[in-house]
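Listed below, chain by chain, are the residues.
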Amino acid sequence: MHWRRWLTALKLLLLFLLLIVTVAPEWPAFQVERHRLTRLVGLREFDFLRWGAEAIVAKARAHGVGGHRYLAEDERRELVLSYLELLRESQLLQRQINEAYVDFTIEDPDADTRELQQELALTRAELLRRQPVAEAIMEEQVSMVLAEEGFGMLGALWPPLKMRMTPLPLVLVVSPRDEIRQVYNVTLLPDLTVPERDALEEAVAEELDLSALVVPIGGLGMYPSMIIETSNINFLADVVAHEWMHHWLTLRPLGMRYLAGPQMRTINETVASIVGTEIGEMVIERYYPQFAPPETPEADGMADAPDDAPDDAPQSFNFRAEMAETRIRVDELLAEGKVEAAEAYMEERRQLFVANGYPIRKLNQAYFAFYGAYADVPGATGADPIGPLVNRLRQESDSLYDFAQVVARVTSFEDLQALVEGGEELEIE
């Protein structure tokens, strides 16, 4: 009935507003510097309220359909996989169109790609039609595994797992030049070109004397969570669980302190990464076993690499070890006050990464401020002790849920350190 659909939409809207408030409990004081940064960004900032309202309406409509619940599991699996395959086809079409526009030998790229653009429009329309059901199935699959791992109450999750695949906003990360620390994080429109990104970074550097980098992201803890359009089922399962974990933490001390400082952000992201990885693997093993990776040791150098790292990057080049060495040396130079020397060293190292198949566009303080927050594996974190401490806590926990319950009570790095190294106990509810 229509009233039930709108009641569902109202519930989702209230939860969305609650999470918007609690996910950012501490706002930085207004500063002239922040005002100048906002001026540089201009109209390129992403509109979250509009996106959230549209996503909630779409979810309410999907809830009213619900026919997928009566399908056999193999039919549900095929619906998801066929949707991802169609998404892959649309991405290939988009890539072909983009290549035509950067090929100087093509005089009229619009005319040359007209048929491709028409095919892409039809493919995107079909994707839009299939999307609600495919997302609903993935939501239920990840929810089932999370609930069985202990995160559910009477078989249901709170908050309910809701996600939407969408072109994600880019993020402008800003750090001081004399230390690695994220001071600003601004979400931008997803369609900024590389020249536009570079121009914005240079403007921040010249006008504010800060290090800046525009980075892509895989997901964002809005409600519903924003998930990058990906045809990779393994990555999709991981990132859906990762972003839901942020929702779960938001209602607990650790998540409420997300913006309290770089250490709390790193702890939050590391915990979410651990949970996302483990739950994602369980989802694949249960529902998509043909995509389960072979049980072989992880290839050195691939974890913590940028998202656009090629699959054929030289295996003899250990990305994680080289990036960790880079971060440690940069920290040393900055601690000595040698800012320009650190920046010259980072550019030298960037060229080394590029030569070995990792197309890092810019390696600077902002790069480490962003990627160093995901400390479940070594690399951009350098000698940061947070990753090893959180991983050790997970290893010493009887289950993933016990680990989450304990770490969710942490409100500072000192809490984490005392919990792991001092043998202190935080009771599990």
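### Brief notes about helix α8 (residues 233-250)
Here is step 1 of the chain: Given a rise of 1.5 Å per residue, 18 residues ought to cover 26 Å, and the 26 Å separating the end C-alpha atoms of α8 matches this to within 8%.
Here is step 2 of the chain: By the criterion of burial, α8 is predominantly enclosed, with 15 of the 18 residues buried.
Here is step 3 of the chain: Where α8 begins, the capping side chain belongs to N232, and its oxygen is found 2.9 Å from the backbone nitrogen of N234.

### Notes on the packing of helix α6 (residues 114-151) against helix α10 (residues 262-287)
Here is step 1 of the chain: Running from N to C, α6 and α10 cross one another at 115°; their axes reach a closest spacing of 9 Å. Accordingly, the angle class assigned to the pair α6 and α10 is roughly perpendicular. Handedness of the crossing formed by α6 with α10: right-handed. Contacts between α6 and α10 involve Q141, V142, M144, V145, L146, E148 and E149 from the former and I279, M282, V283, R286 and Y287 from the latter.

### Brief notes about the sheet that holds strand β8 (residues 225-228)
Here is step 1 of the chain: Pairing is mixed in the open sheet, where three strands are placed in the order β3-β8-β7. Looking at strand neighbours, the two that pair on one side only are β3 (163-166) and β7 (219-220), the edges of this open sheet.
Here is step 2 of the chain: Alignment of β3 against β8, held across four bridges, turns out to be parallel. Directly across from T166, in β8, lies its bridge partner I228.

### Some words on the pairing of strand β6 (residues 211-215)
Looking along a regular strand, one sees the side chains alternate between the two faces of the sheet.
Here is step 1 of the chain: For β6, a buried count of five out of five residues is recorded, marking the element as mostly surrounded by other parts of the structure.
Here is step 2 of the chain: Neither face of β6 is exposed, since S211, L213 and V215 on one face and A212 and V214 on the opposite face are all buried.
Here is step 3 of the chain: Examined bridge by bridge, strand β4 (residues 170-175) and β6 share five bridges and lie antiparallel to one another. Note that in β6 the partner of V174 across the bridge is A212.

### Looking at the sheet that holds β4
Here is step 1 of the chain: Read from one edge of the open sheet, three strands run β5-β4-β6, paired in antiparallel fashion. Strands at the two margins of the open sheet, each flanked by one partner only, are β5 (184-188) and β6. Within the sheet, the average angular offset between the axes of one strand and its neighbour, ignoring direction, is 20°.
Here is step 2 of the chain: In this fold helix α7 (residues 194-208) packs onto β4, β5 and β6, with an angle of close to 160° to the strand it touches most, β6.

### Some remarks on empty space enclosed by the protein
Here is step 1 of the chain: Counted according to the given criterion, the structure contains one cavity of 30 Å³ or more.
Here is step 2 of the chain: By volume, the largest cavity amounts to about 40 Å³.
Here is step 3 of the chain: Put simply, the parts of the chain that give the lining of the largest cavity at least two residues each are α4 (73-101), α6 and β3.
Here is step 4 of the chain: Among the residues forming the lining of the largest cavity, the class breakdown is eight nonpolar, no polar and one charged.

### Observations concerning the packing of aromatic side chains
Here is step 1 of the chain: Within this structure, the stated rule accounts for 11 aromatic pairs.
Here is step 2 of the chain: Aromatic side chains F46 and F48 sit 5.0 Å apart centroid to centroid with 65° between the ring planes, which places their arrangement in the edge-to-face category.
Here is step 3 of the chain: On the basis of relative accessible area, F46 is assigned to the buried category, the value being 14%.
Here is step 4 of the chain: On the basis of an interplanar angle of 85° and a centroid distance of 4.9 Å, the ring pair of F370 and Y371 is categorised as edge-to-face.
Here is step 5 of the chain: Take F370: its relative accessible area is 6%, and that puts it in the buried class.
Here is step 6 of the chain: Residue Y371 is classed as buried on the basis of its relative accessible area, which comes to 14%.
Here is step 7 of the chain: Within the aromatic cluster, the residues linked to one another by ring pairs are F151, W244, W248 and Y401.
Here is step 8 of the chain: The side chain of R252 reaches across the aromatic face of W248, ending 3.7 Å from its centre.

### Brief notes about the confidence of the model for the protein chain
Here is step 1 of the chain: On average, residues of the protein chain carry a pLDDT of 83, and 81% of them reach 70 or more.
Here is step 2 of the chain: The low-confidence segment residues 296-308 (pLDDT under 50) makes 33 contacts with residues lying over four places distant or belonging to another chain.

### Topic: the pattern of salt bridges
Here is step 1 of the chain: Inspection of the entire model under this criterion finds 27 salt bridges.
Here is step 2 of the chain: The partner of R39 in a salt bridge is E207, and the shortest N-O contact between them spans 3.0 Å. Pair noted here: R39 is in helix α2 (residues 32-41) and E207 is in helix α7, with a separation of 168 residues, a long-range link.
Here is step 3 of the chain: On the basis of relative accessibility, which here comes to 36%, the residue E207 falls in the partly exposed class.
Here is step 4 of the chain: Taking the shortest distance from any N to any O, the salt bridge between R361 and E201 comes out at 2.6 Å. Here R361, found in the loop between α12 (339-355) and α13 (365-371), pairs with E201, found in helix α7; they are 160 residues apart in sequence, far enough to count as distant.
Here is step 5 of the chain: Its relative accessible area of 2% is what places E201 among the buried residues.
Here is step 6 of the chain: Among the charged side chains, a network of salt bridges with common partners joins D198, E201, E202, R361 and K362.

### Comments concerning the packing of α10 against helix α14 (residues 386-395)
Two measures define how a pair of helices packs: the angle their axes make with one another and the distance between the axes.
Here is step 1 of the chain: Axis separation between α10 and α14 bottoms out at 10 Å; the angle between their running directions is 45°. Here α10 is positioned oblique relative to α14, judged by the angle of their axes. Between α10 and α14 lies a crossing whose hand is right-handed. Contacts between α10 and α14 involve Q263, T266, I267, T270, V271, I274 and E278 on the former and, on the latter, I386, V390, N391 and R394.
Here is step 2 of the chain: Here the residues of the contact of α10 with α14 are counted per class, giving five nonpolar, four polar and two charged.

About the cut-offs
- Residues numbered from 1 in each chain as written.
- Predicted model: local features only at pLDDT ≥ 70, side-chain atom pairs only at ≥ 80, totals over all residues.
- Heavy atoms only, no water.
- Helix = DSSP H or I, 4+ residues; strand = E, 2+ residues; numbered from the N terminus.
- Expected span 1.5 Å × (residues − 1).
- Buried < 20%, exposed > 50% of the residue type's maximum accessible area, 1.4 Å probe, protein only.
- Polar contact = N/O pair within 3.5 Å; in protein donor to acceptor, adjacent residues only side chain to side chain.
- Axes fitted to C-alpha atoms, helices over the stretch in contact; angles between N-to-C directions.
- Parallel < 35°, antiparallel > 145°, perpendicular 65-115°, else oblique.
- Left-handed = near helix turned anticlockwise from the far one by under 90°.
- Contact = heavy atoms within 4.5 Å.
- Pairing = 2+ DSSP bridges.
- 1 Å grid on protein atoms, 1.4 Å probe; cavity = no way out; pocket = protein on both sides within 12 Å on 5 of 7 lines; lining within 4 Å.
- Points joined across faces, edges and corners; volume = space filled by probe spheres on them.
- Nonpolar A, V, L, I, M, F, W, Y, C, P; charged D, E, K, R; others polar.
- Phe/Tyr/Trp six-rings, centres within 6.5 Å; stacked < 30°, edge-to-face > 60°.
- Lys NZ or Arg CZ within 6 Å of the ring centre and 35° of its normal.
- pLDDT = per-residue confidence, 0-100.
- Salt bridge = Lys/Arg side-chain N within 4 Å of Asp/Glu carboxyl O.

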